[in-house]
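Here's the letter readout for the chains.
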Amino acid sequence: MIYLDNNATTYLPPEVREAMMPYFSEEYGNAASVHTFGSRLMNQMDSARESVGRLIGADPKDDLTFTSGGTESNNAILYSVVKKFPNRRHIITSTVEHSSVAKVAEDLEKQGYEITRVPVDREGRLDLNFFKNSIRSDTALVTLMWANNETGVLSPVAEISKITRQKGVLFHSDAVQAIGKVKINVSETPVDFLSVSAHKLHGPKGIGLLYVRKGVPFAPLILGGAQQNGRRAGTENMAGIVGFAVASDMAQKFVADVKKLEQEEKLCRKLEEGLLNRVSDITIAGQGAQRIPNTSQIIFEQTEGEALLQMMSDAGIYASGGSTCTAGTTQPSHVLLAMGFNEKQSGAAIRFSLSRYTTEDEINGVLEIMPKLVSKLRSI
Ligand code: PLP
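Residues numbered from 1 in each chain as written. Predicted model: local features only at pLDDT ≥ 70, side-chain atom pairs only at ≥ 80, totals over all residues. Heavy atoms only, no water.

## Quick notes on the pattern of salt bridges
By the definition in use, this model includes 18 salt bridges. Glu27 serves as the salt-bridge partner of Arg40, at 3.1 Å between the closest nitrogen and oxygen. With a gap of 13 residues between them, Arg40 in the loop between α2 (36–39) and α3 (41–56) and Glu27 in the loop between α1 (14–20) and α2 connect regions that are remote in the sequence. You can call Arg40 partly exposed: its relative accessible area is 40%. Across the pair Arg49 and Asp46 runs a salt bridge, and its minimum N-O distance is 3.6 Å. Of this pair, Arg49 and Asp46 both sit in helix α3, 3 residues apart, roughly one helical turn. (Salt bridge = Lys/Arg side-chain N within 4 Å of Asp/Glu carboxyl O. Helix = DSSP H or I, 4+ residues; strand = E, 2+ residues; numbered from the N terminus. Buried < 20%, exposed > 50% of the residue type's maximum accessible area, 1.4 Å probe, protein only.)

Below, the structure is given as structure tokens:
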């Protein structure tokens, strides 16, 4: 099999799996217990927090809370801000956010909040002037993703954070698709909130992180016990936390290794150039923008993405489409539509997402098979 769907989820390497195993068996204690069989797990949790904190360049005084993943972190941050700042009724987001931000923004809109959605250009780049001019005295939060999950296009987070600092507005970035792919340092790029998900960086599913800069007010989304200083109730997922820590240490090494990062980018460019040379009428979404090194969203004109994905799957190549299928109906990608592509083009898009485990042989395999599949589909 050739797995090129790493923006959906990633391979769990043996180092991570082995570190997690004891927490499914002999280390079954509850970290909140008074007795040492449980409470000793607190040390593991603290050291895991340090690992994840190092990966994002957090200050030890910042607040790092484990959640169930990127979706929960995004929900918790948006609902926290509106709870803490009830008189600020305006939120700035973009037209290309992940649904775990976009749906919360829609929910807040129904509750009477004003939502400004910053548009993007044909390459998926945010309109920074529009953004600057959107900030108001009653803006509660700016929430803009670090990298787009469909196209890989990076947001100018350093510039955005400078502007939000100057204007005194809180800034959240959904960094789920950027962490472990590019260097992120919240001490150098001052965001107030950050969302992270372990399963996108070769960690386990069902565990994520919610970062809150020290001193920034936060109201928990999940209420109950006093776990994690009352910031997220519920018995901690120790196996997940420990796996997340090991995956973070490995990801940190990877992003610090320029050669390895370049190698991944080289493979992704090889895939793009190879397809451009071998297949007619294709467009790479966001090709002119700065992107994370692993993602390539390609529109194969005059094809049906779903049919192509099925043929690819039959041939052992796993990727994603530009449309999402919900309850039997196919929805065009809001990201591609926001970039000015039409519904047909959105339906003809395939997202390839590589990982640090992707090999040149696999890319060669894709370059050999894809042209045959596309011409077969176009001839039907
Ligand atoms: N944010 C982005 C940009 C994503 O790509 C995803 C998952 O695809 C999420 C948030 C949700 O993360 P999780 O699957 O951990 O809930």
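## Thoughts on the site of the ligand
Taken together, the neighbourhood of the ligand is formed by 14 residues, with Gly70, Thr71, Asp174, Ser197 and Lys200 sitting nearest. Thr71 places a side-chain nitrogen or oxygen 2.6 Å from an oxygen atom of the ligand. The separation between an oxygen atom of the ligand and a polar side-chain atom of Ser197 is 2.6 Å. Taking 390 Å² as the accessible area of the ligand by itself, protein coverage stands at 85%. If one sorts the elements of the shell around the ligand by residue count, helix α4 (residues 70–84) sits on top with 3 residues. Here the residues of the shell around the ligand are counted per class, giving 2 nonpolar, 10 polar and 2 charged. (Near = heavy atom within 4 Å. Polar contact = N/O pair within 3.5 Å; in protein donor to acceptor, adjacent residues only side chain to side chain. Areas by Shrake-Rupley, 256 points an atom, 1.4 Å probe, with all protein chains shown as cover. Nonpolar A, V, L, I, M, F, W, Y, C, P; charged D, E, K, R; others polar.)

## With respect to the environment of Glu97
Its location among the elements puts Glu97 in the loop between β3 (90–94) and α5 (99–110). Accessibility expressed as a relative area gives 2% for Glu97, which makes it buried. Separated by 62 residues in the primary sequence, Glu97 and His35 place their C-alpha atoms 44 Å from one another. Ignoring anything within four residues of it in the chain, the contact list for Glu97 reads Ala102, Thr143, Leu144, Met145 and His334. Separated by 2.7 Å, the side chains of Glu97 and Ser94 make a polar contact. (Contact = heavy atoms within 4.5 Å.)

## What to know about the domain arrangement of the protein chain
In terms of domain boundaries, the protein chain breaks down into domain 1 (2–9 + 258–379) and domain 2 (14–255). Averaged C-alpha coordinates put domain 1 and domain 2 at centres separated by 27 Å. Area buried by domain 1 at its contact with domain 2 is led by Ile292, Met339 and Arg356, which between them contribute 25% of it. Taken together, the links from domain 1 to domain 2 amount to 17 residue pairs in polar contact (both at pLDDT 80 or more). The set of elements that each furnish at least two residues to the side of domain 1 that touches domain 2 consists of α9 (258–278), β10 (295–300) and α11 (334–338). For the side of domain 1 that touches domain 2, the leading source of residues is α11, giving 4 residues. Here the side of domain 1 that touches domain 2 is composed, by residue class, of 12 nonpolar, 16 polar and 5 charged. (Domains from an automatic or database assignment. Buried area = accessible area lost by both parts, 1.4 Å probe.)

## Digging into empty space enclosed by the protein
Applying the stated criterion across every chain, the model contains 1 cavity of 30 Å³ or more. Within this model, the largest cavity holds a volume of roughly 100 Å³. Lining the lining of the largest cavity are residues from two domains, each supplying at least three of them: domain 1 (2–9 + 258–379) and domain 2 (14–255). (1 Å grid on protein atoms, 1.4 Å probe; cavity = no way out; pocket = protein on both sides within 12 Å on 5 of 7 lines; lining within 4 Å. Points joined across faces, edges and corners; volume = space filled by probe spheres on them.)

## Overview of the packing of aromatic side chains
Here the distance between the centres and the angle between the planes together describe a pair of aromatic rings. By the definition in use, this model includes 3 aromatic pairs. Taking 4.9 Å as the distance between ring centres and 65 degrees as the angle between the ring planes, the aromatic pair formed by Tyr28 and Phe37 counts as edge-to-face. Looking at Tyr28, the relative accessible area reads 62%, which means it is exposed. A relative accessible area of 27% means that Phe37 is categorised as partly exposed. Ring centres of Phe66 and Phe244 lie 6.1 Å apart, and the angle between their planes is 65 degrees; this geometry places the pair in the edge-to-face category. With Phe66 in strand β2 (residues 63–67) and Phe244 in helix α8 (residues 238–256), this pair connects stretches of sequence that are 178 residues apart. Comparing Phe66 with Phe244 shows no difference in burial state: the two are buried. Positioned above the aromatic ring of Phe254 is the side chain of Arg356, whose terminal nitrogen or guanidinium carbon lies 5.6 Å from the ring centre. (Phe/Tyr/Trp six-rings, centres within 6.5 Å; stacked < 30°, edge-to-face > 60°. Lys NZ or Arg CZ within 6 Å of the ring centre and 35° of its normal.)

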